[in-house]
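If you want the building blocks of each chain, they are given just below.
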Amino acid sequence: MGAYLVGSQPSKKLIDRYVEAIKNSSSQVSHKDQKLLTYLVRNPWSIGIIDAALPFYRPHSEVRRRIYVMLAILEASPSYTEKFLPVQRNPLYFFYIAWVGFKAAVKMLVGSVWVRLVIR
Amino acid sequence: MKIIEYLVVGSGCSGAVAAETLVNKGARVTMLDTGIEKSGGDTKVPDKDFLSIRKTDDQQYKYLIGSKAAGVGWGDVGKGEQITPPRKHILQDVEKYIPIDSNTFSPLESLGYGGLGIGWGLQCWEYSQADIKAAGLDTKKMSRGYQVVADRIGISATDDDAGRYTIGDLKNYQPSPAMDRNHQYILSKYAAKKTAINQAGFYLGRTPLSLITKDKDRRKAYAYQDMDFYSDNGQSAWRPWMTVNQLKKQPNFEYLGGYLVTGFKELDDHTEVYALNLKDQSTTTFRCRRLVLATSALGSGRIVLRSLGSSSDRLPLLCNPYSYVPCVQPRFLGQAAEPKKLGFTQLSLFMDKQGDNQGASVASLYSYQSLMLFRIIRHVPLDFKDARVLMQYLTSSLVIMGIHHPDTASKQKYLQLNTAQTPTGDILKIGYKLNKRDAETWQAREKEFMAVMRKMGTYGLKRVDPGMGASIHYAGTLPYSTTKKRFSLHKSGRLHGTRSIYIADSSGFQYLPAPGLTFSLMANAHNVAESAFLNE
């Protein structure tokens, strides 16, 4: 999950922090979310597609919440500051952002079908 | 049992001011308060700026998100999303001791030491003369009250285009803090298009803040650390607990924390005040000559209903309708983080089509940096990985516009106390519904705000409605009245039907203007305390 979010494996310290946070929050996991979580553990490569579909299909999903908690933990660590604080960009970076947006839209469309298949 | 001379209930903005006024007059004052204080490792914030912390502090997670990520909220957008781990005690035990039953209204209340003032946004707008009268207040007394409070807490402001909407005739204020680039840009655009914008009925100016830019007594000038949502290092931002801490050093002031006042009974020569001891849940009875309630409009409404009413009684309720609009300034896309930033609002935009300073709506403008990216990423309808990339690029250009509208009473805005299995034996039921005409008017105004912001190079992305109660501005539960009707106040703040019970918060306001009410309720608290001293 950490590698998916920021492109590198987080340290054990951060993973432990994540585990502690999830234990502490003790959310109810629905049957469908449990299916998604099980699928993700077995197929970690699919996290991007699943994550892309959830904002529209299941915005309050426990899966989405857990990714979100990891995101916050990564942000609140000096190791990943440069991934979150604003940085000076070349004006042409705008086109990269447009490309990121396009990819996200495609992932969302594919993901929405994928998620339905996983949880049926 | 001893009889307390003046019993002030509550340590928030109005309680702190009322107590200080009485103490300064030589009265013997006891403050009774729930007073929950912050505790634990998540509350220790270093005296450093935000960017340095982010780059170097390995322990930052504790106060930025909470040691077990308890500060990482989830669910629907609601009030208090900006309450960070060091200020979580604002919300502690609220659901247990002052529960709410409502599908239409979600207020924020606090049992903390300093009340909601712990996390207050520091805006210190004066109401206009017309709005003061509409609220049922005295214009001369309010003018004096504003100055007294300003002199005590320290205010930074600018007399500019919006001066008649912000500082009125206030004197002795310090210079406003330096603006960041986002706000400088807006102000420069406003200056260039001022005539057209004013003709459209809009006026822009610096927001007066209870934030000092020059050293004052033991408090230090604002250091631009951009840690405003996490700490009060240097005490440049005024908080009510700072006043209460100073009062504790006075021989004629006593502070009793850990008590939730539940009710009162006025007897021949004194008043009995009943309080729940939060430690052991026992009930303690205090006796006082004069009682001054400063527990917020909801809190005072609760206590009065419990003491004098029944479950069939309803009190009115006022709350500023509120929505916010995240905006983008394309000029600042992809810029580096700015070292000198403020978490507080820097500019206020007033909409006053008639030009009579009555019934205006107001937008507060904020930059976004220190509340972290994750809080805003979750509202982006993309996968988190791509949302992070997008928002990292966008944040430097982000301005949040929070829009407040005035409110008037109606039968569909009320509170009522019902029996329930709670520590106090009851629960506050709140109903709140805007009438169709008001709802349409506010939405139309918000579109106009967005149009004016576009003229100033700042483009709204979408309007977010966080729900009724999210403004955290409540008033009017015991409105001023000249007819001595039940559950109303004399102009002095004394509860009609009583000899010595005063309400020093916003309960009495008959009308709630759009500019934040905190400075006005503090000015009023000073006036009510003076009246209580004279037993008017």
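Residues numbered from 1 in each chain as written. Chains lettered and ligands numbered in written order. Predicted model: local features only at pLDDT ≥ 70, side-chain atom pairs only at ≥ 80, totals over all residues. Heavy atoms only, no water.

Some remarks on the overall build of chain B
Rules: The helix count covers DSSP runs of H or I at least four residues long, the strand count covers runs of E at least two residues long, and both are numbered beginning at the N terminus. In this setup the radius of gyration rests on C-alpha atoms only. A globule is expected at 2.2 Å times the number of residues raised to 0.38. Each residue is placed in one exposure class: buried if its accessible area under a 1.4 Å probe, protein chains only, is under 20% of its type's maximum, exposed if it is over 50%, and partly exposed if it falls in between. Residue contacts are counted whenever heavy atoms from the two residues lie within 4.5 Å of one another. Each accessible area is a Shrake-Rupley result for a 1.4 Å probe, and residues are judged covered by the shown protein chains and nothing else. When charges are counted, neither His nor the chain ends are considered; positive counts come from Lys and Arg and negative counts from Asp and Glu. Charge positions come from single atoms, namely NZ of Lys, CZ of Arg, CG of Asp or CD of Glu.
Counting its regular elements, chain B contains 15 helices and 23 strands. In summary, chain B has a C-alpha radius of gyration of 22 Å against a globular reference of 24 Å for 536 residues, a match within 12%. If you line up chain B on its principal axes, its C-alpha atoms span 70 × 55 × 45 Å. Taking all 536 residues of chain B together, 62% fall into the buried category. Sequence separation of at least 24 residues holds for 73% of the intrachain contacts in chain B that already meet a minimum separation of 6. Put simply, chain B shows about 19,700 Å² of open surface, and 48% of that area lies on carbon and sulfur atoms. For chain B, the centre of its 68 positive side-chain charges and the centre of its 51 negative side-chain charges are spaced 2 Å apart.

Points about the interface of chain B and chain A
The test is simple: Two parts placed together each lose some accessible area under a 1.4 Å probe, and the buried area is that loss summed for both. By salt bridge we mean one thing: a side-chain nitrogen of Lys or Arg within 4 Å of a carboxyl oxygen of Asp or Glu. Polar contact is the term for a pair of N or O atoms within 3.5 Å; when the atoms are in protein, one must be able to donate a hydrogen and the other to accept it, and sequence-neighboring residues count only if both atoms are side-chain atoms.
Listed as interface residues are 42 residues of chain B and, on the opposing side, 44 residues of chain A. Buried area between chain B and chain A, summed over both chains or domains, comes out near 4,000 Å², and the portion from carbon and sulfur atoms is 61%. Ranking the residues of chain B by area buried against chain A places B:Trp74, B:Phe384 and B:Gln392 at the top, with a combined share of 18%. Linking chain B to chain A there are 4 salt bridges. One salt bridge connects B:Asp386 with A:Lys107, and the closest N-O pair in it is separated by 2.8 Å. On inspection of chain B and its partner chain A, the count reaches 18 residue pairs in polar contact (both at pLDDT 80 or more). For the side of chain B that touches chain A, the secondary structure elements donating two or more residues are α2 (50-56), α3 (60-64), α12 (374-377) and α13 (384-394) of chain B.

Focus: the environment of B:Arg454
Residue and element names in this part refer to chain B. In this structure, arginine 454 sits in helix α14 (residues 436-455). By relative accessible area, arginine 454 is classed as partly exposed at 42%. Separated by 203 residues in sequence, arginine 454 and proline 251 place their C-alpha atoms 56 Å apart.

Overview of the sheet that holds strand β14 (residues 347-351) of chain B
Residues and elements named next belong to chain B. Inclusion rule: Between any two strands, pairing holds if DSSP finds at least two bridges.
Spatial strand order, β6-β14-β15-β16-β13-β20: 6 strands in an open sheet with antiparallel pairing. Every interior strand has two partners, whereas the edge strands, β6 (202-206) and β20 (459-460), have only one. Alignment of β14 against strand β15 (residues 361-367), held across 5 bridges, turns out to be antiparallel. When the bridges of β15 are listed, leucine 347 appears paired with leucine 365.

Regarding the sheet that holds strand β19 (residues 426-432) of chain B
All names here are of chain B. What counts, and what does not: Here, axes are lines fitted to C-alpha atoms. For helices the fit covers the stretch in contact, and angles between N-to-C directions go from 0 to 180 degrees.
Read from one edge to the other, the open sheet built from 4 strands follows the order β3-β19-β18-β11, with strand pairing classed as mixed. A single partner strand is all that each edge strand has here, and the edge strands are β3 (100-101) and β11 (314-316). Where β11 lies against strand β18 (residues 413-419), 3 bridges are found, and the strand directions are antiparallel. Looking at the pairing, arginine 314 lines up with glutamine 416 of β18. Sheet contacts for helix α11 (residues 296-308): β3, β11, β18 and β19; angle to β18, the most-contacted strand, approximately 50°.

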